[in-house]
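What the coordinates show
This is what each chain is made of:
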Amino acid sequence: MLETLIENNVVCHALEAMIFASITCSILGVIISRMSLSSIGFTMSHAAFAGAALGMFLGANAQMTAIAFSMVVAALIGPVSDKAKMAADATLGVLFAMSMAVAIFLISYMEYMGKGLSASSLLFGDVVSLYREEIYALAAVCFLAILFVLGFYKEISAIMFNMKIAEAAGIRVKLVYYILLFIIALSVALSLNIVGGLLIFVLLVTPASIAGQFCFNVRSMFIVAPAVALFMSAFGVWAAFEYTMPVAPLVALLLTAAFALSVMLSFKRRINTKMN
Amino acid sequence: MSIIDLAGIYTAYEGGEKAVIRNLSLRVDRGEYVVIGGPNSAGKTTLLESINGLVKITHGRATVCGLNVSRVSDEVRRRVGYVIQNFYFDPFTPFTVEQVVMMGRFGRLGLMNRPAREDYDAAQRAITQVGIEDLAHKTIGTLSGGQQQKAMIAHNIAKEPEVMMLDEPFSNLDFHAREYLQGVFKEMARKGVPILMVAHAFDGLPDIPIRLVVMNQGRISCDRNCRAEEVEDIIRKECVVPGKCLRRS
Ligand SMILES: Nc1ncnc2c1ncn2[C@@H]1O[C@H](COP(=O)(O)OP(=O)(O)OP(=O)(O)O)[C@@H](O)[C@H]1O
Ligand SMILES: [Mg+2]
């Protein structure tokens, strides 16, 4: 998409991927951090891992099975929490453990049979060897996330405020919440190839936390978080290729530095002792 | 037809030992001002939440605004105001009072529809009516308990409900605010919106005929019309069962 601007194909793909992943994750991150769902990062990365192991075991395309398995887990989060009367956070823990068990089971089994599994791209991400299709998928999920937040903005904001009050207002809380969990999980699963399961938190949590240092209301958080994430990842990709450094960890460190700076500069923390 | 029509309803919570609401029938008509009293755990909150479908009734039939609550509880909640008893907003809640009041309109707007001029106007009117214009742009989590309660009342007034249910709406309010808001609710009742108010303190009730409903262990033990100053005495008399009373006698 940016080929006309950037000649090097690898840099171009890396930049596009980082941009889409960071916008998607940071927008959803605003919702995630407000609703204490950040363990969705763990759960989805391990679901993808289990799916990849399943693919290898069955001799299918590991990438496809990773996405398929993630989608199944994503669809389970809402209904399981509801049936078990648990906070979604606890369900995420249970599903995380389940995914991990499936993965370890299959990997151990394959070891007995003399087959190995390489999942390093899921854990660490691999932004320099992406296929064009993966970038299209990321663009699609980014578009979907933005559309979803815009389309259901009032429902999402009411749910972020207080689930019970949203329900009492007559909002179809359950429906929106299930779709929300599903889209978050799907976006996380698709972004895994870019930054990997270990760094996905940086995109989910850090931009939203930076926005939280300055913003008094959600609307501005939904704008500030992706703006910061976009700027930092574009800068990170450029710097990484310019000075031959690994892309994802550099972006992670840059975002963390931005967070530290924002904590120091936040005017929200100013104490006013005005006496008249 | 009554706006609220409960016929022999039972409500039980998952895992509870027995039904909390037991064989309860109640009809409420336009413009009635109903005060619901009774000891702690009598089932007052559960009754309100059975009316708007936040908890499901297990037996019996509940009809509100002509709608079957068990079937279309979303639609019922869009038309019924409900100020909940307990809420807590942490100081970092990223919503202003104005936004929270506006949320009262969201249910009736329906999925995907954006608020229009009339919704903003209704929210603004509610803020003025409750008298919190000065708080409109403040973050809700940083307000005092009473200010938050006023914001939640404005949220429900902005909804322009066909029934208004309030669960101890005055627990944090000063006497001036109580009297003022009782006047607001009296005016709503005069316009035909029935008021159902759960309360433990009865000062400042409006000088209109009051229908007093006393609950005891999931049943209605008294349902009669009275004047504001009689409410407290009647409740004291109704609740003298030893160990289950407001005041031991
Ligand atoms: N979510 C719940 N799960 C299980 N039991 C519940 C639940 N909520 C309420 N109960 C039980 O239902 C009974 C009635 O509770 P309810 O909240 O309706 O009482 P109340 O009359 O509103 O009391 P109060 O004056 O203290 O507000 C209590 O015995 C309580 O333990
Ligand atoms: Mg109660």
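Because the structure is predicted, anything quoted here is derived from the model rather than measured. (Residues numbered from 1 in each chain as written. Chains lettered and ligands numbered in written order. Predicted model: local features only at pLDDT ≥ 70, side-chain atom pairs only at ≥ 80, totals over all residues. Heavy atoms only, no water.)

Points about the site of ligand 1
Residue and element names in this part refer to chain B.
- Residues in contact with ligand 1, as listed here, are Y13, V20, P39, N40, S41, A42, G43, K44, T45, T46, Q85 and H200.
- Between ligand 1 and G43 there is a distance of 2.9 Å, counted from an oxygen atom to a backbone nitrogen or oxygen.
- Note that an oxygen atom of ligand 1 is positioned 2.6 Å from one of the side-chain N or O atoms of T45.
- Classifying every residue of the shell around ligand 1 by side-chain character gives four nonpolar, seven polar and one charged. (Near = heavy atom within 4 Å. Polar contact = N/O pair within 3.5 Å; in protein donor to acceptor, adjacent residues only side chain to side chain. Nonpolar A, V, L, I, M, F, W, Y, C, P; charged D, E, K, R; others polar.)

A few points about the environment of E168 of chain B
Residues and elements named next belong to chain B.
- Examined against the element boundaries, E168 turns out to sit in the loop between β7 (163-167) and α7 (175-190).
- Overall, the relative accessible area of 16% leaves E168 in the buried class.
- Along the primary structure E168 and N86 are separated by 82 residues, whereas in three dimensions their C-alpha atoms are 9.1 Å apart.
- Discounting chain neighbours no more than four positions away, the residues touching E168 are Q85, Q149, V198, A199 and H200.
- A polar contact is formed between the side chain of E168 and the side chain of Q85, at a distance of 3.1 Å. (Helix = DSSP H or I, 4+ residues; strand = E, 2+ residues; numbered from the N terminus. Buried < 20%, exposed > 50% of the residue type's maximum accessible area, 1.4 Å probe, protein only. Contact = heavy atoms within 4.5 Å.)

Looking at the packing of aromatic side chains
- Tallying each qualifying case throughout the model produces 13 aromatic pairs over all chains.
- Judged by centre distance (5.9 Å) and plane angle (55°), the rings of F42 of chain A and F96 of chain A are tilted. Of the two residues, F42 of chain A sits in helix α2 (residues 40-58) while F96 of chain A sits in helix α4 (residues 88-112), which places them 54 residues apart along the sequence.
- Counting every residue linked through ring pairs, the aromatic cluster contains F161 of chain A together with F87, F89 and F95 of chain B. (Phe/Tyr/Trp six-rings, centres within 6.5 Å; stacked < 30°, edge-to-face > 60°.)

A look at the confidence of the model for chain B
- With 96% of its residues at a pLDDT of at least 70, chain B reaches an overall mean of 90.
- For this predicted complex, the interface score ipTM comes out at 0.91, while the overall pTM is 0.88. (pLDDT = per-residue confidence, 0-100.)

Details of the sheet that holds strand β3 (residues 33-37) of chain B
Residues and elements named next belong to chain B.
- Strand order in the open sheet formed by six strands is β6-β7-β8-β3-β9-β10, and the pairing between neighbours is mixed. Each end of this open sheet is capped by a strand with a single partner; those strands are β6 (80-83) and β10 (219-226). For this sheet, the mean angle separating the axes of adjacent strands, direction not counted, is 15°.
- Judged from the four bridges that link them, β3 and strand β9 (residues 210-216) form a sheet pairing that is parallel. The residue bridging G37 from the neighbouring strand is V214, located in β9.
- Of the strands in this sheet, β3, β6, β7, β8 (195-198) and β9 touch helix α1 (residues 44-51), which is tilted by about 155° from β7. (Pairing = 2+ DSSP bridges. Axes fitted to C-alpha atoms, helices over the stretch in contact; angles between N-to-C directions.)

Overview of the nonpolar core
- Counting 172 residues, the largest nonpolar core has F185 and L196 of chain B as the members making the most contacts within it.
- Sort the elements by how many residues they give to this core and helix α9 (residues 173-195) of chain A lands first, with 14 residues. (Core = buried A, V, L, I, M, F, W, Y, C linked by side-chain atoms within 4.5 Å.)

Description of the coordination of the magnesium ion (ligand 2)
- Binding of the magnesium ion (ligand 2) to the protein goes through T45 of chain B (OG1) and Q85 of chain B (OE1), at separations of 1.9 to 2.2 Å. Within this pair, whereas T45 of chain B is found in helix α1, its partner Q85 of chain B is found in the loop between β6 and α3 (97-103), the two being separated by 40 residues in sequence. (Donors = N, O, S within 2.8 Å, 3.2 Å for Na, K, Ca; no water.)

Observations concerning the interface of chain A and chain B
- Across the contact, 27 residues belong to chain A and 33 residues belong to chain B.
- Between chain A and chain B, the buried area comes to about 2600 Å², and carbon and sulfur atoms account for 62% of it.
- Counting the contacts that link chain A with chain B gives three salt bridges.
- In this structure, the salt-bridge partner of D90 of chain B is R34 of chain A, at a minimum N-O distance of 3.1 Å.
- Summed over the shared surface of chain A and chain B, the result is nine residue pairs in polar contact (both at pLDDT 80 or more).
- Breaking the side of chain A that touches chain B down by element, the ones donating at least two residues are α6 (132-151), α7 (153-161), α8 (163-168), α9 and α11 (218-242) of chain A.
- Across the side of chain A that touches chain B, the residue classes tally to 14 nonpolar, five polar and eight charged. (Buried area = accessible area lost by both parts, 1.4 Å probe. Salt bridge = Lys/Arg side-chain N within 4 Å of Asp/Glu carboxyl O.)

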